Each structure stands twice: as structure tokens, then as C-alpha cells.
Amino acid sequence: MVLSVTEKSYLRDSLKNKDHFLRPDGRNYDQFRPVEIYTDFLPSSNGSSRILASDGTEIVISIKTEVVDHSLTKDLVSIDLDITGYRDDSAYVTSIRSILSKTMKSKLNFTKEKGPKEKSVLQLTKKYSFKLYIDILVLSNYSYPLSLISFAIYSALETTKLPMLISSEDDLEIEELPIFHDYDMITLDFQSPLIFLVAFIEDNVFIDPSDAETQVANKCLILTWFENKISSPIRTVSLNDDYTDGFTLLHLKESIEVVRKCAPEVLRALKYQ
Amino acid sequence: MNVQDRRRLLGPPNARPVAFSKVLEEPTEISNVSSNDKALPYMKMGLLTNCNGSSYIESGDDNLMLITSVYGPKPIRGSFTSKAVLTVHLENSIATANNSDGSTDDGKNFNTSDDYKDLSFFLKNIFDSVVQLDKYPKSGIDIFVKVVNTDSANTSNIPKLLQMCCNGILLGLVDANMEISDLVGIGIISHECCVSFIKNGLEMCGFWKMKDEDEQDIEEIVGKCKENYLENKYLISSYLNGD
Amino acid sequence: MLDSSRYPEKVLPGDLISPLYDIDNNNEKIVYSFHPGPGTTITKYKINSQEHKVLIATLKGFVHFEELVKTNIDSEGKESEKKEENDTENKNKLADELEAPEVNSDRIIKKYTVIVSKEKKNEMMQDPNLQEGQQDEVNNDFANNLPKEGDIVLCKVTRISAQKANVEILVVENNNCLKDSGVGTNGAGVSSVTGGSGAVTFFISQASSDLGETFKGVIRSQDVRATERDSVKITECFKPGDIVRCKVLSLGDGNNYYLTTAKNYLGVVFAKSLGGAGELMYAIDWKTMIAPTSQVLEQRKCAKPF
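In this convention, every chain numbers its residues from 1, walking through the sequence in written order. By the order in which they are written, chains take letters starting at A while ligands take numbers starting at 1. Per-residue local features are limited, in this predicted model, to residues with pLDDT of at least 70; the limit for side-chain atom pairs, both in listing and counting, is 80 or more; totals at the level of whole chains, interfaces and linings are taken over all residues. Each side-chain value is worked out from all heavy atoms of the structure, with water and hydrogens disregarded.

Moving on: helix H5 (residues 249-272) of chain A. Residue and element names in this part refer to chain A. Where helices and strands are cited, they refer to DSSP runs of H or I of at least four residues and of E of at least two residues respectively, numbered from the N terminus. The length a helix should cover is 1.5 Å for every residue beyond the first. Across its 24 residues, H5 extends 35 Å between first and last C-alpha, which sits within 8% of the 34 Å expected from 1.5 Å per residue. Its axis deflected by about 30 degrees at Cys262, H5 carries its strongest bend there, up to four residues before the proline Pro264. Buried within H5 are the following residues: His251, Leu252, Ser255, Ile256, Val258, Val259, Cys262, Ala263, Val266, Leu267 and Leu270. Bend is computed residue by residue as the angle between axes fitted to the seven residues ending at the residue and the seven residues starting at it. Throughout this description, buried means an accessible area under 20% of the type-specific maximum (1.4 Å probe, protein chains only), exposed means over 50%, and partly exposed covers the range between.

Right, let's get into the domain arrangement of chain A. All names here are of chain A. Partitioning chain A into domains gives domain 1 (1-31 + 193-272) and domain 2 (34-110 + 122-170 + 178-188). What counts as a domain boundary in this text is fixed by an automatic or database domain assignment. One C-alpha centre belongs to domain 1, the other to domain 2; they are set 26 Å apart. Values labelled buried area give the accessible surface lost by two parts on being combined, using a 1.4 Å probe and summing over both. A combined buried area of about 1700 Å² lies between domain 1 and domain 2, and 75% of that area is made up of carbon and sulfur atoms. Three residues stand out in domain 1 for area buried against domain 2, namely Pro193, Ile195 and Leu270, and they jointly supply 34% of the buried area on that side. Should a side-chain nitrogen of Lys or Arg be within 4 Å of a carboxyl oxygen of Asp or Glu, the pair is scored as a salt bridge. At the surface where domain 1 touches domain 2, the tally comes to 0 salt bridges. Under this definition, polar contacts are N or O atom pairs within 3.5 Å; protein pairs additionally need one hydrogen-donor-capable and one acceptor-capable atom, and for neighbouring residues in sequence, both atoms have to be side-chain atoms. Counting across the interface, domain 1 meets domain 2 through 4 residue pairs in polar contact (both at pLDDT 80 or more). Those elements that provide at least two residues to the side of domain 1 that touches domain 2 are strand E8 (194-201), strand E10 (219-226), strand E11 (229-237) and H5.

As a further point, take the pairing of strand E7 (residues 193-198) of chain B. Residue and element names in this part refer to chain B. When you tally the buried positions in E7, you get 6 out of 6 residues, the bulk of the element. Side chains Cys193, Val195 and Phe197 of E7 all project onto a buried face; the interleaved residues Cys194, Ser196 and Ile198 project onto the opposite face, where all are buried too. At least two bridges found by DSSP between two strands are what make those strands a pair. Bridging between strand E6 (residues 185-188) and E7 involves 4 bridges; their strand directions are antiparallel. Bridge pairing links Ile186 to Ser196 in E7. For E7 and strand E8 (residues 203-209), the ladder comprises 6 bridges, and the chain directions are antiparallel. Bridge pairing in E8 links Cys194 to Trp208. Hairpin remark: E7 followed by E8, antiparallel, with 4 residues in the connecting loop; positive phi at Lys199, about 50 degrees.

What follows is the structure, given as C-alpha cells:
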């Protein structure tokens, strides 16, 4: 919903004051909107999730996998994003897609063990890997969906079932196609990164801005939570053309603090379901 | 392209752009520049005549060359806008030429169109904060940045690219005599992180960090970027004053 | 007189010029109040958690201080029209000053507009005979002369109907238009080939990447003259091809500026007889023009030529 000039100025006034900070839905600066998540409902995908935010945003995610020769295929993640009401080549969609695919690619290459045993999460044998296809469908979109998409990917990946390998892992010497167990499945040992959005208005910093709030925010900061710490990508994004003031180091520090505070709780909530 | 080519600017549909074959002989190395002092970027304003403002910039240490053209303010039709609409288009002619050969990107190279659009979006966000958009109602300002040359090894150095783009656009806007509130600049710290500053480093208007590196405090990152920004700003302002 | 050597002479965008108020060095009773003109803007700096408002440059060039003379606005209604024309530019800025108390103590407040332009000061002040606010040459260094409320513009009539006349804005008076505005019909305009803001609008029919990219305006029949506004017949006031002097009423809608000719000095300035086929005509009264050799009389809403 596009706000009028008066509505914007009213909203901004109530959000910019440090002492009388008041969000339109009465939340705290570090409080999320409630979300509902359903998982594992698409029978033909390896993993799926559907997230419903309180403002009506609805996102459906399906994760499918394919076994590929990783010496031939470089990209082990393919992200397809469709947002209702936006063209696929619009800056809004391409920017979200680019952030998501860069995040997922870099995090999936992440390895806990360094050294000779090092292998990526998706690696199956020495020759073959799983390739993930993440299809994201934003059915209705009432606020910047990046954060919710990352939650949905997290839940979908938590429930993603991959076929269990029963052939040998070392297939460099002996040419052998991977053979899978008939019905036993394994889950992916990977915690997907969570992306948080923090908005700045004057000196105030608050998490998870709603659509109306992004319309009056100066800048928003994207922060990622991975492996229990703040991680990249960290970058700014402007979600309106009207308010373009700069920000200071204090804003960055405060937003890192608020994400540090929120992220474990969000993670716990997502795990619980 | 979704806009009809009513001006016949694009030629017949089966026309193919001129492509030059690759230079085979190795260019002779000129190494007069001592490695100690950093090669300064070469800057030039107003090279193009068919736009309102333009700039050409060549970074000193790698072979990054950019041409920026600024069009506008020109009327836009349709819905009423009380402010100018700014658009930034960043394109890499080399990357697209390579891709059309069928060569796949090696996973590290940075040349998918999505990523360029994302960079354009980031640059637009930066310049939204400095261009005095409300002085140009009902208008559009279009900025085109074209990467004409780059060392292939350096295509993944996004912060450097962003910094040079930012300088190029800035000079283009000054050449177009567009009202801008500050000489915005980007300070880089590594191959993965950069910060854009305004007001002599008092405020930031953009932050970019796409990959994790060694543990670094945010304060340290900003501080180092600020030093780099001030160096860069000094270059720009001394160029503008000397011109 | 303001000692301008206290302030920077040559600036780049973002450079500080002056605070909003300053006190004279020699006489503490004189307070200078500075107002942003073309090429400058007000910005806030936060130092030690205290906000300071300052004037900064937004263009590269030289700083000029122009004193705002109060007498111009003493009795707006009684002013001669000639004067009003010249002052339209200043009026917006002066209007809000009218509300402010002129003298609040024994201090003398002097108001200056701060301007940044490409020319140096002494070059701009070449001809002392010129009226204030007018330069001997049209100041063409502002790419920033988009028509705004209250500006006088010269337009060309493109289309007339019973309710309104459509025009395209060629130039803002006393100012240069952008080099690509106003030349659209000649095809010499500057425009980007690939999309740009033309592609901002989703629909091809709305995309503006075509020739004739000038700002458009509309003169509604009730804005043609100040009296008998309901009985205006557009065909008796304008013909396509006429050059009309208008005043901008408002920024209008997405497509058109709203213009008016309801003043003596506004209306048709150049017109050719017989629908453009004849010769240039001259105004003989406010609603008739005559072609000097063929003696053709045509009806127009003429601007007072003197």
C-alpha cells in the first residue's frame, strides 16, 4: 500500500523519536512479526516449506536435488525466484535473487573440517555431488520478502530428505555410479543462513520492518546469521526513494547487536516447529 | 528490450554488433612506474557529446576502464512524480562478449546479468542519497556505466569496480551540471568489502560485504574504508579543482 | 555590504559555504541571513550530538551572494506588471520571508540568496545598467531550469480543442532550457537508446523513448484570460504553431504542466496568419493580430508586446 505524504510524515515522526518510539503494530524494536510455517507438504520435492507472515505475505519453497558430476557442474545451487507483481528482470527481483544465490553458494561451500577430509556439504562421493534446485514462489508480497525467504529456505532444508548412499564414497579409482538405498533417506547436515533486515530511521534501529515502515526508513541493512555468528552478506538496501539520509557507525553497531539478540530466538522458534 | 525501436537506432533485427578479434601479440610491458607509488587513476570529463554529461575513468593499478554517460533530466510520462526518477545501468561489454562465446563462468568470475543488476541497484541507492532529486520534478535521470576493459583476474574484485563506477558517475553528474549534495565516494578495504561515505566520512550511505573473511570488527572495517575513501575523495576533488 | 571574502569563492559539490545566519565582522548589529538559491542547498551536520544547519554547494562553480531587496515586495498588488515579471523568480523565496518578523530587535537583518554558477563574479556583473536579477546573457549553465510554479515559459501550441490548448514548453524565460528540452521536434535531442527511465513505466505506450521529448503543458479554457472566463473560445485565442508566453500554474499531472495566460503580458507572442501559411502577424489589440502586407486579421489572445 502506498502511503500519502501526511501518512508518511506521521509514521516517521512516531518512529524517529528515541524516547517515544512507537511502531504501528506496537512491536518492540527487536520484535518479529509472527509467522506460520508448514513444511514437507509437496510429495514430489525433496523438501518444501510454506511461510505465512502476519501481513499476508505468503511464500512457498520447493527444494529438489539432482546428482551431478561436480567436476563438470560448477554451480551446485540453482535459485529460481518468482515474486507476484514484479517482472523477473526488475531490479527488485534480481537484487534479491542475486543476494540469495551468492549467500547460498558461499555458505554451502562452507566446511567445518579443514584439511584433507574437507568436502562441501553437498558432496556425495569424490566425483558426484548433489545439486540443489531451490524454487521460491512469493505468492503475495506485502513487505520486503528476503528475510522471510531465508526462514523458509531454512525450514525447507531442515526437512529435505536425500537418498542414502550405499555404494563406496571413493569412486575416483573405480568407475562406479552412486547407488542409493531403496527407501532410507538422510537429512542434509546443513544449517541454512538466516537473513535479517534492520531499518534505520534517524537514530533508531529496528528489526523486521513492515511495508509501511520500509516506506519511511532511511536505509535498511541486510545482515546474515550463520553458524551462530554475524556473517556476510552485510549490505545496505534502500526500499524507498523519499528518505535517503546517511547512517553512522553507531547504526551498524546497534543493528549487529539487535540481530545478535534476535537470531538465536528465531533459530529456536524455527527448530521447534 | 521492451521499448519499441521507433527511432530506428538499433538497425535491422539481424544486425550484429562489430566484434574485434583478440589482440594476439603480447603488449610490450612498460614498467617505468616504480612499484612503490600507486598508479593514479586517469580521469576525463565530457568526452561524449550526445549525452548531458559523461566521464571516462581508468584505474591506475589494474586495467579497469569505464565510460559513464548521464542523460537528463528529461520528461517522463505516465504517473506524476514530484521527484526525479534515477536509474543506473551497469554493463560489462567484455563479460557479455565472453559469455556469448559459450564459455561458462568459472564460478568465481562475476558476470551474470543478475549480479550486474544488483550492483546497479546498489549504486542507484547510493546516488539517490546525493542527487538533489526534488529539484527535478517530473523528470528522469539515466546513468549508464559501461565497463570497456578489465583484467579478467580482477572481474571478481567488486568493491574496486564499485569504487570506480562511483567515481565515474560522480564525474558524469558534475559534467552534466546536476545538483548533487556531496562528492560521495566508496572506500574499499579488501576484495570483498566496501563502504560508501558522504559528508567527509561523517556519514555512510552504503555498505557492501558479500563474503566472509577473517574476523574483523565492524569499527575497524569502517575506519579503514574511511581512510581509503578520503584518499579517493582527495583525488577526485583535486581533479575537479585542477580542471 | 557583505564581505564575501569570508566565504569560499570556488566550490565543489558538498563544500560548505556558510551558516544560515552570520554576524558582520565590524558591526555586530548587522545579521546576515542566507537563503539557498540555484546550486546550493541546506543540509544538517551533526557535531557533538548537536545539529547545525549549513548551506552547501551542489554544483561545481563560483559562489555569488545576491542581496534580496525588500522594496520589491512591499505592495505586490500595486506593482507594475513589468516589475512583477522580473521578480517572479524571487517571489517564492520572498513569500515566506514576508511572514517572518522583519525586525525583531535593534538588529538589522540583511537577506542574501546564495548562488553557485559556473561564471566568476566579475564576469557576471559586466553591465551595471541591467536590472537586478537580469543578466546580460541568458544564464545557460543551469541544467537545473525545469519549469516550476510561477515561472514564465515560452511554449508552442501543438493542438487545440474546445476545452484546452496543448502546448510543448520550449524554454523557461530568462533561463536556458536543457539542451535536449525544446528541440525534440527537430530530432536533435539527447536521449539514451536503451530504456533508461523511459522503461520505468511498464507499458510500452507510456514509454517516453521517442522523439518530441519535451515537457508538455496545457492551457485550459478557463485559464486563458482573467475576465469572462466561461465564454472563452479556444479557437479565437490560439492556433497550432503559435508561440505563447505562459505562466506555470502548477506541475500538473503526470503528462502536463498547467499553464495560464490570464495576465496582460501573457499570451501569443508570435503567430503566422492563415494557419501558419501566411506571414508573421503583429498584435494591434489584446485580441486581434494583423499581417502587415496582406492585412489579414486574426483573433488571438495576445501578449502585451511592451
